[in-house]
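In case you want the letters, here they are:
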Amino acid sequence: MKVLVATEKPFAAAAVNGIKAEVEGAGHQLVLLEKYTEKQQLLDAVADVEAMIVRSDKVTAEVLDAAKALKIVVRAGAGFDNVDIAYAKEKNVVVENTPGQNSNAVAELVFGLLVYAVRNFYNGKSGSELLGKKLGILAFGNVGRNVARIAKGFGMDVYAYDAFCPKDVIEAAGVKAVDSQDALFENCDVVSLHIPATPETKQSINAALVGKMKKGGILVNTARKEVINEPELLKLLEERTDLKYVSDIMPDAHEEFCKFEGRYFATPKKMGAQTAEANINAGIAAAKQINAFFADGCTKFQVNK
Ligand code: NAD
């Protein structure tokens, strides 16, 4: 089979080597299209390939139509909104993502942000420690579980709430499961958000919820900016001068948040998954998933069922 890696922004060299070893090791042929600048280059490259690995590259209906032999597209990463999954389904093309491959990267950044916050953004003033503090993890998915693992190393008292993950799964990871997100905010010194942006979660982190936090509470957001009700959080930070908000996703109202100097920080760009390791892991996972698909029809990570 021909496996195309089509990346406007290429993988790291180590990732490409890993993908090549996986694909060729399974007896397939690797075709590389890197740093392409014209759509036509992509349309030509997909013409005779059975599989395709992309990063943020757009796999539109036009691309799918041009890919006459295509059976599977794997987006190396978690989000897959760059692929027209409905049209792919119509054309019987399996679309997969590579969940979990960037989770440790995001989880480590949570603690980068958190230490920065408890040490007063390194302004020279005495801060506080994480040891013994209560951490609430909102959503116990791939990232949330990694956050729990690292938090234990800091000696934190770890709690979690997940709307779909059973309590016994949370407890089996040595984490205290609570019954609601309200309970998490009421009980914890720090709450770290790991919910996806869905119709239910969008704007769900509002003043009523965050306002339940104890004095000195810290909210960490490495999920999505859409889950925050920004106007309400701005108002709350105005009223509750003890609260801090740190994120790797700049809010739409960043300028307004900036007035809370010493209590607000957002990285200039989304940083959570930006590590060499996450890049390599996602690329190699994509290659392995393609091999499994051709070997025995495995579609475990299909997102357009
Ligand atoms: P995941 O799919 O592994 O886990 C999501 C968890 O959320 C699941 O356990 C699910 O049961 C739970 N959930 C869904 N809806 C919920 C709700 N309404 N209330 C409570 N729990 C709910 O995803 P993940 O890999 O852990 O990533 C979590 C989110 O982090 C992603 O959706 C993405 O938006 C974000 N993310 C950000 C970065 C970054 O660079 N900052 C990178 C990767 C992921």
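All of these numbers come straight from a predicted model, not from anything done at the bench.

### As for the packing of helix α1 (residues 13-25) against helix α12 (residues 276-296)
And then number 1: Where α1 meets α12, the closest approach of the two axes is 8 Å, and the angle between their N-to-C directions is 15°. One finds that α1 runs roughly parallel with respect to α12. Here α1 runs over α12; the crossing is right-handed. Between α1, through A14, A15, G18, I19, E22 and V23, and α12, the contact on the second element is made entirely by N279, I280, G283, I284, A287, K288 and N291.
And then number 2: Along the lines of polarity and charge, the residues of the contact of α1 with α12 split into seven nonpolar, four polar and two charged.

### A word on the environment of K2
And then number 1: Inspection of the secondary structure puts K2 in strand β1 (residues 2-7).
And then number 2: In sequence terms K2 and V23 are 21 residues apart; their C-alpha atoms lie 9.2 Å from each other.
And then number 3: Ignoring anything within four residues of it in the chain, the contact list for K2 reads Q29, V31, D48, V49, E50 and A51.
And then number 4: Within polar-contact distance, the side chain of K2 engages the side chain of D48 at 2.7 Å.

### Description of the side chain of T98
And then number 1: Mapped onto the fold, T98 is located in the loop between β5 (94-97) and α5 (103-118).
And then number 2: Judged by its relative accessible area of 2%, T98 is buried.
And then number 3: Among the polar contacts made by the side chain of T98, one reaches the main-chain amide nitrogen of G77 at a distance of 2.9 Å.
And then number 4: Ignoring anything within four residues of it in the chain, the contact list for T98 reads V74, R75, A76, G77, A282, A285, A286 and Q289.

### Structural notes on the site of the ligand
And then number 1: Neighbouring the ligand are 21 residues, the closest being N142, V143, D162, T222 and D248.
And then number 2: Between the ligand and the protein, one listed contact pairs a nitrogen atom with a backbone N or O atom of A163 at 3.3 Å.
And then number 3: In this structure, R224 approaches the ligand through a side-chain N or O atom, which is 3.4 Å from an oxygen atom.
And then number 4: Here the residues of the shell around the ligand sort into ten nonpolar, seven polar and four charged.

### Some thoughts on the nonpolar core
And then number 1: Within the largest apolar cluster, 30 residues are counted, with the highest numbers of intra-cluster contacts made by F185, L193, I205, V210, L219 and L233.
And then number 2: Going through the elements one at a time, β7 (157-161), α8 (181-187), β9 (190-193), α9 (207-210), α10 (230-239) and β12 (264-266) are the ones with two or more residues in this core.
And then number 3: At four residues, the largest contribution of residues to this core is made by α10.
And then number 4: Ignoring sequence-local partners within four residues, the contact set of L219 consists of F185, V191, L193, I205, V210, I228, L233, K244, Y245 and V246.

### Notes on the sheet that holds β9
And then number 1: Taking strand neighbours across the sheet as the criterion, the seven strands line up as β8-β7-β6-β9-β10-β11-β12 in an open arrangement whose pairing is parallel. Each edge of the open sheet is held by one strand with a lone partner, namely β8 (176-177) and β12.
And then number 2: Bridge count between β7 and β8: two bridges; the pairing is parallel. The residue bridging A160 from the neighbouring strand is A177, located in β8.

### Notes on unusual backbone geometry
And then number 1: Backbone geometry places N120, a non-glycine residue, at a positive phi of 55°.
And then number 2: Its location among the elements puts N120 in the loop between α5 and β6 (134-138).
And then number 3: Residue N120 is classed as buried on the basis of its relative accessible area of 18%.
And then number 4: Here the phi dihedral of F121 falls at roughly 55°; this positive angle occurs in a residue that is not glycine.
And then number 5: Among the secondary structure elements, F121 is positioned in the loop between α5 and β6.
And then number 6: Here F121 falls in the buried class, since its relative accessible area comes to 12%.

### Re the sheet that holds β1
And then number 1: If you walk across this open sheet you meet the five strands as β2-β1-β3-β4-β5, and the pairing is parallel. Of all the strands in the sheet, the pair left with one neighbour each is β2 (29-34) and β5. The average angle at which neighbouring strand axes cross in this sheet is 20°, direction not considered.
And then number 2: Where β1 meets β2, six bridges bridge the pair, whose relative direction is parallel. Bridge pairing in β2 links L4 to V31.
And then number 3: Across the face of the sheet, α1 comes into contact with β1, β2 and β3 (51-54) while running at roughly 150° to β2.

Rules used in this analysis
- Residues numbered from 1 in each chain as written.
- Predicted model: local features only at pLDDT ≥ 70, side-chain atom pairs only at ≥ 80, totals over all residues.
- Heavy atoms only, no water.
- Axes fitted to C-alpha atoms, helices over the stretch in contact; angles between N-to-C directions.
- Helix = DSSP H or I, 4+ residues; strand = E, 2+ residues; numbered from the N terminus.
- Parallel < 35°, antiparallel > 145°, perpendicular 65-115°, else oblique.
- Left-handed = near helix turned anticlockwise from the far one by under 90°.
- Contact = heavy atoms within 4.5 Å.
- Nonpolar A, V, L, I, M, F, W, Y, C, P; charged D, E, K, R; others polar.
- Polar contact = N/O pair within 3.5 Å; in protein donor to acceptor, adjacent residues only side chain to side chain.
- Buried < 20%, exposed > 50% of the residue type's maximum accessible area, 1.4 Å probe, protein only.
- Near = heavy atom within 4 Å.
- Core = buried A, V, L, I, M, F, W, Y, C linked by side-chain atoms within 4.5 Å.
- Pairing = 2+ DSSP bridges.

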